[in-house]
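Analysis of the macromolecular model
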Amino acid sequence: MGKLQSKYRCRSSVYRAVTREEEPPPTQQVLQYSPAHTDMVNSVAPLNSDLCVSGGGDKAVVVYDWRMGKLQHRFPGHQREVTKVGCQYGSSRLFSASRDLTVLMWDLHGGDQPVQEFCGHDLVVSGLAVSPDGSQLCTGSRDNALCLWDVESGECLLKNAISRNLVRDTVWEAVGQSL
């Protein structure tokens, strides 16, 4: 093994064509928005072309207008950090999974309380996906289980355990009704 040595650096101007009048590089304006969370952000999902939903370590679900840089709504309902958020694009329903073993459904035009609670996992809920028509929800957990839920009733329609595999994420296939 040799000595640690710094790399020899060459000036980039040596490789550029020299002109008498160099144009200044274009400047880009960087916009800074007010923070939506007080802790780390764990998950982000688009709600529509202007709004996004995020969940984080501060136990809150946030709806943020990213074009205007303004917080639209804050849902503080989980007991532990939010691990995943999801929604049906263009809908007013939001879903959030958490380390408190629950999945909550929120209505953007409702109040600060969850509309529906989905309980059935034994460990951290680490994945969720909403069906294309918004009628069903699939959740996955570190308890090696997938649950299929009816969104309206909150009833677990199917629970399937996958031996020796942690469920880290779920995705609903956009074409058809496949998970």
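Up top you'll find the structure we're talking about.
The paragraphs below set out a description of the structure included in this document. (Residues numbered from 1 in each chain as written. Predicted model: local features only at pLDDT ≥ 70, side-chain atom pairs only at ≥ 80, totals over all residues. Heavy atoms only, no water.)

**Let's talk about the nonpolar core**
- In terms of nonpolar packing, the biggest core is built from 14 residues, with Leu 47, Val 53, Val 61, Val 63 and Leu 94 touching the most fellow members.
- Contributions of two or more residues to this core are made by strand S2 (51-56), strand S3 (61-65), strand S5 (82-87) and strand S7 (102-107).
- Contact partners of Val 63, with chain neighbours within four places excluded, come to Leu 47, Leu 51, Cys 52, Val 53, Leu 71, Gln 72, His 73, Phe 75, Leu 94 and Leu 108.
- If you look at the next biggest cluster of nonpolar residues, it comprises 12 residues, including Phe 118, Leu 128, Cys 147 and Trp 149. (Core = buried A, V, L, I, M, F, W, Y, C linked by side-chain atoms within 4.5 Å. Buried < 20%, exposed > 50% of the residue type's maximum accessible area, 1.4 Å probe, protein only. Helix = DSSP H or I, 4+ residues; strand = E, 2+ residues; numbered from the N terminus. Contact = heavy atoms within 4.5 Å.)

**A word on the pattern of salt bridges**
- Scanning the entire structure with this criterion turns up 5 salt bridges.
- The partner of Arg 67 in a salt bridge is Asp 50, and the shortest N-O contact between them spans 2.5 Å. In this pair, Arg 67 is assigned in the loop between S3 and strand S4 (70-75) and Asp 50 in the loop between strand S1 (41-46) and S2, connecting sequence segments 17 residues apart.
- Look at Asp 50 and you get partly exposed, because its relative accessible area is 32%.
- For Arg 99, the salt bridge identified is with Glu 81, shortest N-O distance 3.5 Å. Of this pair, Arg 99 sits in the loop between strand S6 (93-98) and S7 while Glu 81 sits in the loop between S4 and S5, and the two are 18 residues apart along the sequence.
- Given the relative accessible area of 27%, Arg 99 is considered partly exposed. (Salt bridge = Lys/Arg side-chain N within 4 Å of Asp/Glu carboxyl O.)

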